[in-house]
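For reference, the chains in residue letters:
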Amino acid sequence: MGEPIFIGLMSGTSMDAVDAALLGIGEKNCQLLATHSEPLSAEIRSAIDQLCRPGNNEIQRLARMDRRLGEIFAGAAQNLLRAAGKSAAAVSAIGSHGQTIRHHPPAAGELAYTLQIADPNTIAELTGITTIADFRRRDIAAGGEGAPLAPAFHAAAFGDPRVSRAIVNIGGIANVTLLNRGPLTGFDTGPGNTLMDAWIALHLHRDFDEDGAWAAGGRILEGLLEQLLLHEFLLKPAPKSTGREQFNLSLLQNYPADEVEPQDIQATLAEFTAASIAMAIPGDIEEVYLCGGGASNSHLVSRLRAHLPGRPVEDTGVLGIGPGWVEAAAFAWLASKTLNHLAGNVSSVTGASRECILGGIYPAGREPAP
């Protein structure tokens, strides 16, 4: 028999699509076998966005969207299998991250929590495949941040004992994994695409700044950039995690944005992302590899290279997994850990009191279709 096969399902803070990855996972290697992206409609994105903030009738809206996203995630898994020519019976389990709607890491005097939706019962029932979900809350229960969870996968998939590497995921929020510098280290660095996406949506009614073209035509507002770089999260030591609760357009409320060109603010927000990522990468890191949607933003990548002179900055495709599929692949890998009763978090990364088996297992409950 070949290596066990797992599916990873992921929708990030950008909320643009459900990414699905099919992985063959062995004891010492993993191979990306197939990928599929299931776009989320404007209606679904808007409904998710509303759930990320306090509002009326939240419980009913949350429950309905939980079920609806379960159906969409299941459809993404089924479409992935069709594209790969594989049967559901060939898959050991699905690892579903779900869609984060709230993330509140530990803070003084407050109870930490995180919430991802996309009903795993629905996924398991519709696909006929055992589904593992709700990965983050066990780490929080053990005193951790609940994030980031990908560093252990980054170490397994991209580590090389001969060289020190940084793996940078630029989704809505950016995070970094530092490899071969002693104990495994990883943490959120601050904004990825979220501020740029929100600003261009407000002014040009686009979902994102394709290739960073709008930002590239603007000028950096140095005063605003200096103000943004003083954000308390950037100065906080790891372990740390964040979300849109901290990085949203309210950061501009004390800046006279109506007195400058919107394009210049976009350029400044791109520079903020690049500079805050670079701040998090120590000088002894020899190589930097990017994944996530931001890896395809050539302007953002060029600015990051400018902040990291003398060090190669490439995407993870050169290491075997394309930049758009790393996060989905990570949750396939985490599902394999859970199914084999192995810990998935790294306490030095999340700050948890111990390393835990993550997530809940939702058995298929019926024979999968051939």
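To be clear, the structure that these remarks concern was listed above.
Calculation notes
- Residues numbered from 1 in each chain as written.
- Predicted model: local features only at pLDDT ≥ 70, side-chain atom pairs only at ≥ 80, totals over all residues.
- Heavy atoms only, no water.
- Helix = DSSP H or I, 4+ residues; strand = E, 2+ residues; numbered from the N terminus.
- Salt bridge = Lys/Arg side-chain N within 4 Å of Asp/Glu carboxyl O.
- Buried < 20%, exposed > 50% of the residue type's maximum accessible area, 1.4 Å probe, protein only.
- Expected span 1.5 Å × (residues − 1).
- Phe/Tyr/Trp six-rings, centres within 6.5 Å; stacked < 30°, edge-to-face > 60°.

## Here's the deal with unusual backbone geometry
Peptide bonds are mostly trans, and most non-glycine residues show a negative phi. Of note, the bond from Ala147 into Pro148 is cis; its omega dihedral lies within 30 degrees of zero at -10 degrees. Topologically, Pro148 is positioned in the loop between helix H4 (136–141) and helix H5 (151–158). With an omega of 5 degrees, the peptide bond between Ala238 and Pro239 qualifies as cis. Structurally, the position occupied by Pro239 is in the loop between helix H9 (232–235) and helix H10 (262–279). Phi at Asn57 is positive, roughly 55 degrees, even though this residue is not glycine. Structurally, Asn57 is set in the loop between helix H1 (42–51) and helix H2 (58–84). One non-glycine residue, His205, lies in the positive phi region at around 60 degrees. Looking at where His205 falls in the secondary structure, it is placed in the loop between helix H6 (194–204) and helix H7 (213–216).

## Structural notes on the pattern of salt bridges
One pass over the structure, following the stated rule, counts 14 salt bridges. Ionic pairing is found between Arg162 and Asp160, a salt bridge with its closest N-O pair at 2.7 Å. Asp160 gets classed as buried once you look at its relative accessible area, which sits at 10%. Among the charged side chains, a salt-bridge network with shared partners connects Asp160, Arg162, Arg165 and Glu287.

## As for H10
Between its first and last C-alpha, H10 extends 26 Å over 18 residues, near the 26 Å set by a 1.5 Å rise per residue. Counting buried residues along H10, 15 of its 18 residues qualify, which places the element largely inside the surrounding structure.

## Some thoughts on the packing of aromatic side chains
With the rule as written, the count across this model stands at five aromatic pairs. Taking 5.9 Å as the distance between ring centres and 85 degrees as the angle between the ring planes, the aromatic pair formed by Phe233 and Phe247 counts as edge-to-face. One end of the pair, Phe233, is in helix H9; the other, Phe247, is in the loop between H9 and H10, with 14 residues separating them in the sequence. Residue classification places Phe233 among the buried residues on the basis of a relative accessible area of 2%.

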